[in-house]
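Structural characterization, general
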Amino acid sequence: MPLWEKVLVDLQPFHWLIVEAFLDPVVILIGLFVGWKADQAGKLIIAGLAAGLAGTVVAFIVRQVGLSWFDGGYEFGGAHAFFRIFAGFVWSIAGYLAARIRDRRAGKSPPV
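Cut-offs and rules
- Residues numbered from 1 in each chain as written.
- Predicted model: local features only at pLDDT ≥ 70, side-chain atom pairs only at ≥ 80, totals over all residues.
- Heavy atoms only, no water.
- Patch = residues over 30% accessible without salt bridge, like charges linked within 9 Å, V, L, I, M, F, W, Y side chains within 5 Å.
- Areas by Shrake-Rupley, 256 points an atom, 1.4 Å probe, with all protein chains shown as cover.
- Salt bridge = Lys/Arg side-chain N within 4 Å of Asp/Glu carboxyl O.
- Helix = DSSP H or I, 4+ residues; strand = E, 2+ residues; numbered from the N terminus.
- Contact = heavy atoms within 4.5 Å.
- Phe/Tyr/Trp six-rings, centres within 6.5 Å; stacked < 30°, edge-to-face > 60°.
- Buried < 20%, exposed > 50% of the residue type's maximum accessible area, 1.4 Å probe, protein only.
- Lys NZ or Arg CZ within 6 Å of the ring centre and 35° of its normal.
- Axes fitted to C-alpha atoms, helices over the stretch in contact; angles between N-to-C directions.
- Parallel < 35°, antiparallel > 145°, perpendicular 65-115°, else oblique.
- Left-handed = near helix turned anticlockwise from the far one by under 90°.
- Nonpolar A, V, L, I, M, F, W, Y, C, P; charged D, E, K, R; others polar.

Attention now goes to a nonpolar patch on the surface. On the surface, a cluster of nonpolar side chains totalling about 460 Å² of accessible area is made up of I45, I46, F86, F89 and V90. The set of elements that each furnish at least two residues to the nonpolar patch consists of α4 (43-65) and α5 (79-106). For the nonpolar patch, the element with the most residues is α5, which contributes three residues.

Moving on, we come to the environment of A38. By secondary structure assignment, the location of A38 is in the loop between α3 (25-37) and α4. Setting aside chain neighbours within four positions, we find A38 in contact with K43, L44, Y96 and R100.

This next bit is on the packing of aromatic side chains. How two aromatic rings sit relative to each other is given by the distance of their centres and the angle of their planes. Enumeration according to the criterion identifies two aromatic pairs in this entry. Ring geometry for F22 and F86: centres 6.0 Å apart, planes at 80 degrees, overall edge-to-face. Within this pair, whereas F22 is found in helix α2 (residues 13-22), its partner F86 is found in helix α5, the two being separated by 64 residues in sequence. The exposure class of F22 is partly exposed, given its relative accessible area of 23%. Above the plane of the ring of Y96 lies R100, whose end atom (NZ or CZ) is 4.6 Å from the centre.

This part covers the packing of α3 against α5. The N-to-C vectors of α3 and α5 enclose an angle of 40 degrees; their axes lie 7 Å apart at closest approach. Between α3 and α5, the angle is such that the two are oblique. As α3 packs across α5, the resulting crossing turns out to be right-handed. The segment α3 lies against α5, with V27, I28, G31, L32, G35 and W36 engaging R84, A87, G88, W91, S92, A94, G95, Y96, A98, A99, R100 and R102. Each residue belonging to the contact of α3 with α5 can be placed in one class, and the counts come to ten nonpolar, five polar and three charged.

Okay, here's the thing in structure tokens:
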């Protein structure tokens, strides 16, 4: 059995919430995009909130339709939204840093 299969088999439902939040494509796309477009670091909090809540809403709709790959249900209450908001914040920081690195390499100074 490969190591990654062993790790995935041994994950508990609560750990799946964390994995699912950080690998949610909606959270990744919105977090990276809004973080990329943010011109001030303070806007990353709003970017993370937007990405996390959008990911939560999309995940809820997908689960109601019955297309989700995660069968965890909603036994953890607000933990779904909390982990997605935190993941959105992390992805928005990644997008913000990538945009700043691109600006520095292009010779543009970041806005003050």
